[in-house]
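# Remarks on the overall topology
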2 protein chains.
Amino acid sequence: MARAVPETHHEILAAAGRRFAVTGYKGTSLQDIAREVGCSKATVLYHFANKEALLSELMAPAIAMLEALDARIAGRTGADAQRVAAEGFVDLAVRFRREIALLRGEFPDLLQQPAFAHIQQISERLVAALAGHSDRPAARIAALVVLAGIAETCGEFLDIPDQELRPALLAVAHRALEPTT
Amino acid sequence: MARAVPETHHEILAAAGRRFAVTGYKGTSLQDIAREVGCSKATVLYHFANKEALLSELMAPAIAMLEALDARIAGRTGADAQRVAAEGFVDLAVRFRREIALLRGEFPDLLQQPAFAHIQQISERLVAALAGHSDRPAARIAALVVLAGIAETCGEFLDIPDQELRPALLAVAHRALEPTT
DNA sequence: AGCATGCCTGACCGATCGGTCAGTACCTGA
DNA sequence: TCAGGTACTGACCGATCGGTCAGGCATGCT
């Protein structure tokens, strides 16, 4: 054990993920996390600059995948954009359903914070793509319902295996989204 | 500035609705509400036993309509239940989109509280009805996506008139829900 | 006039929050 | 042996939360 002890860092991250998933971000105190790890609150803040940094590191992989999807959508139009966006977002939701779940409706507040500001813009582009870049209100409404519906519910299906959940969500998305004219 | 009339009660209710809609229930303090009304926090708590009572009174009409829908669903099966549930829920979402919006993802926590415990059961029956009482996982998944999607997004469309929003949401719901076999 | 009642308030409470800080124990390389 | 870095902690901080309480101030009834 020459290079000692970044182990606590990872333990804190895991505990935070568990607690956030149960009580949400705002509903979980640093004390809660420390208790779960079995260390002091000061230790949590030794490893992470602040509570937001903890969330940030926890969400980093999901955000990276979202940014990759955003890049893949860019330049596409109409039905092509819609298809890529739907498949990409369902993949993301299935893969990171635990991480997404732990934000449970705290998106609006969190997106206000500068650290997550660009997520807001990405999700707007995602909605536009899901709507097939149509400007009909009905297309945008359908896109938003699909996006929010999947984001809010995917965390409920932690017991369903990926290969079963993915096609089911994708089928719902394809049915719900308006066909591009 | 002594207020002549007991209209303060209603003013507080309105202010709370406005603040909750912007910053959510947990994210809004009694101080915030008092500031918006132009009275003291103690006055808010003079008119309402506690913060939860404020929310409760604010949500009462929406809850009453939800209970009425629940009663209407009871006894129906299959496609009939699905149709009534979809239409009824869309009506409810459109009519009370402001009230629903202000809970923004705080449903999970709030439903834990005893005052709202039965809402949890109603929403489960609603999901079952939207799934056409099918026990196929895909049907249940579609039902949950529709329910959550509409609930989470209807608050985004405060500027769209009812007669335009209602058919659009209903169309999405009908497309997204699995046809009962 | 005296009194009760309804409306409202400032001051205050205990609890909890995220975050800071000085200090301690331990390991490692010189 | 000892200096210095890493990991960690208890004590503490200011802010804010929901909620309590005694009392002030009109108003209207007797």
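Residues numbered from 1 in each chain as written. Chains lettered and ligands numbered in written order. Predicted model: local features only at pLDDT ≥ 70, side-chain atom pairs only at ≥ 80, totals over all residues. Heavy atoms only, no water.

By the naming in an unreviewed UniProt entry, chain A is TetR/AcrR family transcriptional regulator, taken from Micromonospora solifontis.

This paragraph deals with the relation of the copies chain B and chain A. Superposing chain B onto chain A takes a rotation of 180 degrees plus a shift of 0.1 Å along the axis, which leaves an RMSD of 0.1 Å. Expressed as an axis order, the relation between the two copies is that of a two-fold axis. Looking at chain B, 97% of its interface residues are interface residues in chain A too, so the copies touch through the same face. (Least-squares fit on C-alpha atoms with pLDDT ≥ 70 in both. Contact = heavy atoms within 4.5 Å.)

The subject of this paragraph is the protein's contact with DNA strand C. Around DNA strand C there are 17 residues in total, and Lys41 and Lys51 of chain A together with Thr8, Thr43 and His47 of chain B lie nearest to it. Expressed as a percentage, the sugar and phosphate content of the atoms of DNA strand C within 4 Å of the protein is 57%. In this structure, a phosphate oxygen belonging to DNA strand C sits 3.4 Å away from a side-chain N or O atom of Ser29 of chain A. Within the side chain of His47 of chain B, a nitrogen or oxygen atom sits 2.5 Å from a phosphate oxygen of DNA strand C. Of all the secondary structure elements, the ones that give two or more residues to the surface near DNA strand C are helix 3 (41-47) of chain A together with helix 3 (41-47) of chain B. Among the residues forming the surface near DNA strand C, the class breakdown is 7 nonpolar, 7 polar and 3 charged. (Near = heavy atom within 4 Å. Polar contact = N/O pair within 3.5 Å; in protein donor to acceptor, adjacent residues only side chain to side chain. Helix = DSSP H or I, 4+ residues; strand = E, 2+ residues; numbered from the N terminus. Nonpolar A, V, L, I, M, F, W, Y, C, P; charged D, E, K, R; others polar.)

Attention now goes to the UniProt feature "DNA-binding region" (unreviewed entry) in chain A. Mapped onto this numbering, the UniProt entry annotates "DNA-binding region" (unreviewed entry) at residues 29-48 of chain A. In residues 29-48 of chain A, the share of helix is 75% and the share of strand is 0%. The end C-alpha atoms are 14 Å apart. (UniProt positions renumbered as here; feature names shortened; annotations may be inferred.)

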